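A closer look at the structure
Here's the letter readout for the chains.
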Amino acid sequence: MNTARFAFIPPWLDPLRAVAVAMFDSNGDLIEANEGFRFTLSPEAGYNATQRIAEPTFEALLRMQPDETGLVYTGLINLHIGHGITRAFAGTVYRRNQLFLLAAELDISAFESLSSDNERLNQELDDARKQVSKRNHTLEKLQEEIATLKRNDGLTGLANLKLLDARVSEEIQRWERYRRPLALVLIDLDEFGKINDEFGRKVGDELLQHVATILNGATRTLDLVARYGGQEFAVLLPETNEMGAMIVAERLRMDLESMLILPLLRPLTASFGVALLQPDEKRDAYYARAGRAVKYAKSHGKNCIAMAGVVADCDHLYQSFIQEQNV
Ligand SMILES: Nc1nc2c(ncn2[C@@H]2O[C@H](COP(=O)(O)OP(=O)(O)OP(=O)(O)O)[C@@H](O)[C@H]2O)c(=O)[nH]1
C-alpha cells in the first residue's frame with residue numbers, strides 16, 4: 001500500500017472514520033485507503049479486495065460495466081473486517097480503467113442488529129398480542145356463559161325472572177312513548193305438587209322442561225317466555241291487544257291439555273292469568289294483577305284463562321267468551 005501522501009483520495013477524507021474509502025487495482029491489491037478504512041478493517045488479514053470484499057465479490061465487480069460517471073455498483077457492501085467478522089456497509093464502487101474506488105459510506109451493521117432486535121421484539125409483541133387476544137376470547141366466552149347463566153333459568157333454559165323484569169321495564173317505557181299494547185300471560189301448572197308426590201321431583205323437573213319447550217314453540221321470537229317461579233311461567237307479548245293475548249293463552253292452554261306426557265296418565269293443565277298493561281302501571285303492580293287473574297282461574301276450576309280487570313271486581317273468566325266467539 002502507498003504510505004506516501006494520497007495520490008487519489010482527497011486528504012479531507014482521510015481522518016473520517018465513519019467513511020471507509022479504499023482504492024484497489026484490478027488484482028484487488030490495495031493502493032490507497034483512508035483512516036476510516038484502516039480503522040474498520042483489522043490489518044492482520046491483509047487488504048486484498050478479493051479477500052476483504054465479501055459481497056458483491058471482487059470478481060463480480062470486475063465483471064460489472066461502469067456507467068458514464070464510472071459508477072460500477074451502489075448498495076450493500078459486506079466487508080470482512082477481520083477475526084472472522086463480516087460487516088455490512090452502504091457503499092459505492094467506481095471504476096476508472098484498472099482502478100477501483102470503494103467508498104463504504106455508512107456502517108449499517110449497528111442498524112441491522114438494531115433492526116434484528118426490533119424484529120425480535122416485534123415478534124415477541126405479536127406473540128403476546130396473540131396470547132392476550134386468545135385469553136380475551138376465552139374471557140369473553142366465559143362472560144357470555146356467565147351472562148347467559150344470569151339471564152336464564154338453569155332447569156328450563158328459559159329467561160329467568162331477572163331478565164323478565166328487565167324486559168317488562170323496557171316494554172313499559174316503550175308503552176309510555178308509543179302507547180302500543182302490551183300483554184302479560186302468567187301460567188301456573190295445575191296440581192303440580194301431586195305430580196311431584198306421585199312420580200318424584202326428577203319427573204317433575206322433566207315435565208317443567210317439557211312445558212318450556214311447548215311454550216317456546218308456540219310463541220313468536222318477539223315474545224319472551226320466562227320461568228316466573230317454581231311451576232309458574234310467564235309469556236310477555238309486546239304489540240298484543242286483549243284479543244290477541246287471549247288467543248295466545250288459549251292456544252297454550254290447549255297445547256298443554258292435548259299433550260300426553262308420559263308418565264302422566266292425565267293431561268298436564270295450567271291456569272292462566274292475562275293482563276294488559278294499564279296507563280301509569282308499574283311493573284310489580286302489573287305482575288300482581290296478572291297473578292290475581294291466575295288465582296281467579298284457579299278458583300274457577302283451573303285449566304282456564306282469566307283476564308285481569310283494572311280492579312279485582314272486574315277480573316273475569318274468558319273461556320265462555322272464547323266459546324261464544326268460536327275462536
Ligand atoms: N319438580 C319440581 N317441582 C317444583 C319446582 N318448583 C316448584 N315445584 C313444585 O310445584 C308445586 C307447587 O305446589 P302448589 O303451589 O301447591 O301448587 P299445585 O300443586 O300446582 O296446585 P295448584 O296450583 O292449586 O293447582 C310444589 O310441590 C313445588 O314443590 C321445580 O323446580 N321442580
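Coordinates for the structure precede this section.
Presented here is an overview of the structure given in this document. (Residues numbered from 1 in each chain as written. Predicted model: local features only at pLDDT ≥ 70, side-chain atom pairs only at ≥ 80, totals over all residues. Heavy atoms only, no water.)

1. Some details on a nonpolar patch on the surface
Taken together, the side chains of L139, L142 and I146 make up a nonpolar region of the molecular surface, amounting to roughly 270 Å² of accessible area. When you line up the elements, L142 lands in helix α4 (residues 109-151). A relative accessible area of 43% places L142 in the partly exposed class. (Patch = residues over 30% accessible without salt bridge, like charges linked within 9 Å, V, L, I, M, F, W, Y side chains within 5 Å. Areas by Shrake-Rupley, 256 points an atom, 1.4 Å probe, with all protein chains shown as cover. Salt bridge = Lys/Arg side-chain N within 4 Å of Asp/Glu carboxyl O. Helix = DSSP H or I, 4+ residues; strand = E, 2+ residues; numbered from the N terminus. Buried < 20%, exposed > 50% of the residue type's maximum accessible area, 1.4 Å probe, protein only.)

2. Describing the packing of aromatic side chains
All chains considered together, the criterion is met by five aromatic pairs. Aromatic pair F24 and F58: ring centres 6.3 Å apart, planes at 55 degrees, arrangement tilted. In this pair, F24 is assigned in strand β1 (residues 20-25) and F58 in helix α3 (residues 58-63), connecting sequence segments 34 residues apart. For F24, a relative accessible area of 1% gives the class buried. Judged by centre distance (5.1 Å) and plane angle (65 degrees), the ring pair of F58 and F100 falls under edge-to-face. (Phe/Tyr/Trp six-rings, centres within 6.5 Å; stacked < 30°, edge-to-face > 60°.)

3. Side note on the pattern of salt bridges
This structure, assessed with the given rule, holds 19 salt bridges. Its salt-bridge partner being E239, residue R174 comes within 3.4 Å of it at the nearest N-O pair. One end of the pair, R174, is in helix α5 (residues 161-178); the other, E239, is in the loop between β9 (232-238) and α8 (242-258), with 65 residues separating them in the sequence. Classification of R174 as partly exposed rests on a relative accessible area of 35%. Here E239 falls in the partly exposed class, since its relative accessible area comes to 33%. Between E257 and R253 there is a salt bridge, with its nearest N and O atoms 3.5 Å apart. Residue E257 and its partner R253 are both found in helix α8; the two are separated by four residues, about one turn of the helix. Overall, E257 belongs to the partly exposed group, its relative accessible area being 30%. Judged by relative accessible area, which is 7%, R253 ranks as buried. Bridged by salt links that share partners, the residues R167, E171, R174, R180 and E239 form one connected network.

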